[in-house]
Amino acid sequence: MKTLRLLLGDQLNINHSWFNDNDPNNLYVMMEVKDETSYVKHHVQKILGIFAAMRNFDAELKQRNFSTLYLTISDPQNKHSFIENLRWIIKKYTIKKIEYQEPDEYRLDNLFSSFSKLLHIQVQPFSSEHFYTTRQCVMNFFEDKKQWRMEYFYRNMRKKHNVLMDNNSKPLGGKWNYDADNRKSWKGKPDASIDLRPSHNLENIFNEISQEKINFFGKCDYKNFRWPINRAESLELLESFIRTNLIYFGDYQDAMHDKNWFLFHSFLSFALNTKMISPMEVVERTEKAYEEYALPLSSVEGFIRQILGWREYIRGIYWSAMPGYEKNNYFNHQRSLAKWFWSGNTNMNCLANSINQSLDQAYAHHIQRLMVIGNFALLAGIKPEEIHQWYLGIYIDAFEWVELPNTLGMSQFADGGQLASKPYVSSASYINKMSNYCKSCHYDSKVKIGDKACPFNSLYWNFFETHKDKLATNQRLGIVYNQLKRMDSEQKKQLVDQSQIYLKNIDFI
Ligand SMILES: Cc1cc2nc3c(=O)[nH]c(=O)nc-3n(C[C@H](O)[C@H](O)[C@H](O)COP(=O)(O)OP(=O)(O)OC[C@H]3O[C@@H](n4cnc5c(N)ncnc54)[C@H](O)[C@@H]3O)c2cc1C
Ligand code: SF4
């Protein structure tokens, strides 16, 4: 009996138990289908990176003598839909059973679980064996809690997996969280980090996707493609990050700078999300490096928190809230994306930098995503679904299970606070404190009214004034609403009027 084992582009886990032994009756199938490139418009680097990593994975399977069938985007046999391809493969190879690893995306999970009905065949799902937690784990953990806070989940994960714990089952160093030490701005020292990512010539794949008329956007120097596309490169990236940048990760985690675009971040999200590397090995290696390189605990804890805490928590939110999470719109925001989201052509220097960088690199670090681009989108009342699709398309690491809760929940507060305890918004003062963007901006971060006024300032107050019915009772916003109460009505009116000027001219600010 022949079994077809289907693999997706984000299931490149060579350590999966599927590959522990080699049954010649198993046929491993991977396909580059147009359906998967077109549900939103994607950055060219995202398409190239996924296809290149898939092709490498197939080559590795072949080298280990696994029997594989790989359909490239230009293969004339490729019908560009999972179902249509599976139909002819089942017939041609007399397949009696399909096995698949559970997709991380609700849409595909739904489709795959209907295979037996659609294809009249025996079907068996398997775990992807990638995450620390099951899909339901976060939901079960918060079962009877009104609010879901990452910090409690994270502490539990630390205890459960014995990560950064001392011999008395207490957190190493006495504190669970060194977040307060992670807020320095970067002023040119320590020296800017070097981009240690590998380089590849992906001209062939670029030509193929162009000939196939795949709809993409963004820039790519495809002869010098800088993302890891196999497991060895992913492991090497982890090592080089640990050796060079992890030491400063904690201090400068929230910093932004126009001369140092990735600061001391790891670039590991693409390797992690395609499963070329596992979260366990990243956490274990980082914990070991703490002693090996005498690294600061604030850096090591800060980095581990992102993976053991945030990444697993976000995934749990996704599975507890789907389907329908993408429709959340707590503030009923209806504005369309400004045109410059696609060009980076705005006078706001923080946004011009962050968006141009995203268009050029398919990457922005967390604070650029949250406190510059997401901050503006929320203050300007952009429709959450539109901003979600933009994030899903532009970032190389964007897969719905991790992108959607981060964008809709954390960044846009569109779920009304299931994920975040308050909206992540700020006026210009935060951006000015954490970056050098304001220094060369057309606008003045200190000015609130007039031609030179930074749009973040009036939009910030307009946002809280507009949504006072929904937000004024939030205890974490007490200071904001006390300030608003104390503001005289003329000042408030001026701010609201200023914000309306910007909103009316949003494509040109
Ligand atoms: C609006 C918004 C959208 C985002 N969309 C995505 C996305 O599509 N895909 C994605 O992987 N991350 C997303 N993030 C989280 C974070 O911005 C990226 O993981 C990070 O910038 C990737 O770069 P890095 O690998 O250099 O990360 P580092 O800063 O070096 O962090 C290390 C790792 O921690 C994990 N991590 C950090 N923060 C988060 C988080 N909030 N949620 C989940 N994992 C986290 C990532 O795996 C990351 O590789 C988003 C954040 C925001 C605010
Ligand atoms: S002044 Fe305002 S728009 Fe300009 S960089 Fe600073 S925060 Fe951004």
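As shown above, the structure is provided for reference.
Predicted, not measured: the structure shown is a model, and the values here were computed from it.

Rules of the game
Each chain carries its own residue numbering, running from 1 in the direction its sequence is written. Ligands are numbered from 1 and chains lettered from A, in the order in which they are written. In keeping with the predicted nature of the model, local features appear solely for residues at pLDDT of at least 70, side-chain atom pairs appear and are counted solely at 80 or more, and the whole-chain, interface and lining totals rest on all residues. The helix and strand labels rest on DSSP assignments: H or I over at least four residues marks a helix, E over at least two residues marks a strand, and numbering proceeds from the N terminus. Throughout this description, a residue near a molecule or strand is one whose C-beta atom, derived from the backbone, lies within 6 Å of it. We call Asp, Glu, Lys and Arg charged. Ala, Val, Leu, Ile, Met, Phe, Trp, Tyr, Cys and Pro are nonpolar, and the rest, Gly among them, are polar. Boundaries between domains were set according to an automatic or database domain assignment. Simply put, an axis is a line fit to the C-alpha atoms, just over the touching stretch for a helix, and the angle between two N-to-C directions goes from 0 to 180 degrees. For classification purposes, an angle smaller than 35 degrees is called roughly parallel, one larger than 145 roughly antiparallel, one from 65 to 115 roughly perpendicular, and anything else oblique. A crossing counts as left-handed when the near helix is turned anticlockwise from the far one by less than a right angle, and as right-handed when that turn is clockwise. For the purpose of contact definition, each residue receives a C-beta atom placed from its backbone, and two residues are in contact when these atoms lie within 7 Å.

1. Structural notes on unusual backbone geometry
Reasoning step 1: A cis amide bond links Lys189 to the next residue, Pro190, at an omega of -10 degrees.
Reasoning step 2: Positionally, Pro190 belongs in the loop between α7 (150–160) and α8 (203–211).
Reasoning step 3: That bond from Met322 to Pro323 is cis: its omega, 0 degrees, falls within 30 degrees of zero.
Reasoning step 4: The topology assignment puts Pro323 in the loop between α12 (297–321) and α13 (349–361).
Reasoning step 5: Unusually for a residue other than glycine, His80 sits at a positive phi of about 65 degrees.
Reasoning step 6: Topologically, His80 is positioned in the loop between β4 (68–71) and α3 (82–92).

2. Here's the deal with the site of ligand 1
Reasoning step 1: The local shell around ligand 1 holds 27 residues, among which His265, Ser266, Ser269, Gln306 and Glu403 are the closest.
Reasoning step 2: For the shell around ligand 1, the elements supplying multiple residues, two or more each, are α10 (269–273), α12, α14 (366–380) and α16 (400–411).
Reasoning step 3: Here the shell around ligand 1 gets six residues from one element, more than from any other, and that element is α16.
Reasoning step 4: Of the residues belonging to the shell around ligand 1, the class tally is twelve nonpolar, eleven polar and four charged.
Reasoning step 5: Looking at which domains feed residues into the shell around ligand 1, each of domain 2 (137–198 + 230–321) and domain 3 (339–508) supplies at least three.

3. Section: the packing of helix α15 (residues 384–394) against α16
Reasoning step 1: Packing of α15 against α16 brings their axes to within 9 Å, and their N-to-C directions diverge by 140 degrees. Here α16 runs oblique to α15, going by the angle between their axes. As for the relative orientation of α15 and α16, their crossing is right-handed in sense. Taking contact as the criterion, the partners of Pro384, Ile387, His388, Tyr391 and Leu392 in α15 are, on α16, Glu400, Glu403, Leu404, Thr407 and Leu408.
Reasoning step 2: Looking at the contact of α15 with α16, its residues break down into six nonpolar, two polar and two charged.

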